[in-house]
Structures are given as C-alpha cells and as structure tokens.
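As a plain string of letters, each chain reads:
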Amino acid sequence: MQRDFKDYDDVISGMLIQLAEIEQSRERENTRMDAFDKRLALTIKRMVKAESRLEASEKRMELFDRKLEQSIQEQKEFSKVQSELNRYFLNAIGKKGKNGK
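The present account deals with the structure reproduced in this document. In this text the structure is predicted, and so the values were computed from the model without any measurement.

Our next topic: the overall build of the chain. Check the secondary structure of the chain and you find one helix and zero strands. The globule rule puts the C-alpha radius of gyration for 101 residues at 13 Å, and the 43 Å found for the chain is more than 25% above it. The principal-axis extent of the C-alpha atoms belonging to the chain is close to 145 × 15 × 10 Å. Counting only residues that meet the buried cut, the chain has 0% of its 101 residues in that class. Taken as two groups, the 22 positive and 19 negative side-chain charges of the chain have centres that lie 21 Å from each other.

Right, dumping it as structure tokens:
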C-alpha cells in the first residue's frame, strides 16, 4: 500500500508541476497580450492622427485649388481686356497713319 501512495504522490506532484507551468504560461501569454493591446492602441492613435493630418491637408489643397482657379479666371479676364486695349491702340495707330499720309 505504501507503494500506491508513492505513485499517487508522484502523480499529484507531477500534476501540480504541470499546473504551475500552465499558470506561468498563461501569465506570459497575458503579458504578451497586454503588450499587443498597448501597441494596437498606439497604432490606432497614430492612424487617427495621420487621418486628421490628411484631412487638413486635403482642405488646404481645396482652398489652394479654389484660389488657383480664381487666379486663372482673373488672368484670363485681364488678358482679354489687355487684348482689347491693344487692338484699340493698334486701330488708333493705323487710323493716324492713314490720316497722316
């Protein structure tokens, strides 16, 4: 009978060792998962900041595009007026040249 107790003692001690190893393994996993969660949260924060910067950049580009379009329109109008003014002076010079001869 004493031998049976030794076998049980060995089995129980082996099981306790296995349980301790399992517990340590789970603690290591929990630690790794906590670190992973922190990295994930940091990554999400960075992505949100990057998205905000991108949106702000897009708004600036839209404003720039509107100003550029307005500038192009103003330049077209100026060129049209300048062209008409040049035509007027060329006609006036041409009439003076005909009258002067």
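Further notes follow.
Turning next to a positive patch on the surface. A contiguous patch of positive charge, built from K45, R46, K49 and R53, is present on the exposed surface. Locating R53 in the fold gives a position in helix α1 (residues 2-100).

This part takes up a negative patch on the surface. A cluster of acidic residues, E51, E55, E58, E62, D65 and E69, forms a negative patch at the surface. Structurally, E51 can be placed in helix α1.

Together, Y8, I12, L16, L19 and I22 give the surface a local cluster of nonpolar side chains, amounting to about 530 Å² of exposed area. Classification of I12 by relative accessible area gives partly exposed; the value is 46%.

Reading guide: rules and limits
Residues numbered from 1 in each chain as written. Predicted model: local features only at pLDDT ≥ 70, side-chain atom pairs only at ≥ 80, totals over all residues. Heavy atoms only, no water. Helix = DSSP H or I, 4+ residues; strand = E, 2+ residues; numbered from the N terminus. Rg over C-alpha atoms; globule rule 2.2 N^0.38 Å. Buried < 20%, exposed > 50% of the residue type's maximum accessible area, 1.4 Å probe, protein only. Lys, Arg positive; Asp, Glu negative; His and termini not counted. Charge placed at Lys NZ, Arg CZ, Asp CG, Glu CD. Patch = residues over 30% accessible without salt bridge, like charges linked within 9 Å, V, L, I, M, F, W, Y side chains within 5 Å. Areas by Shrake-Rupley, 256 points an atom, 1.4 Å probe, with all protein chains shown as cover. Salt bridge = Lys/Arg side-chain N within 4 Å of Asp/Glu carboxyl O.

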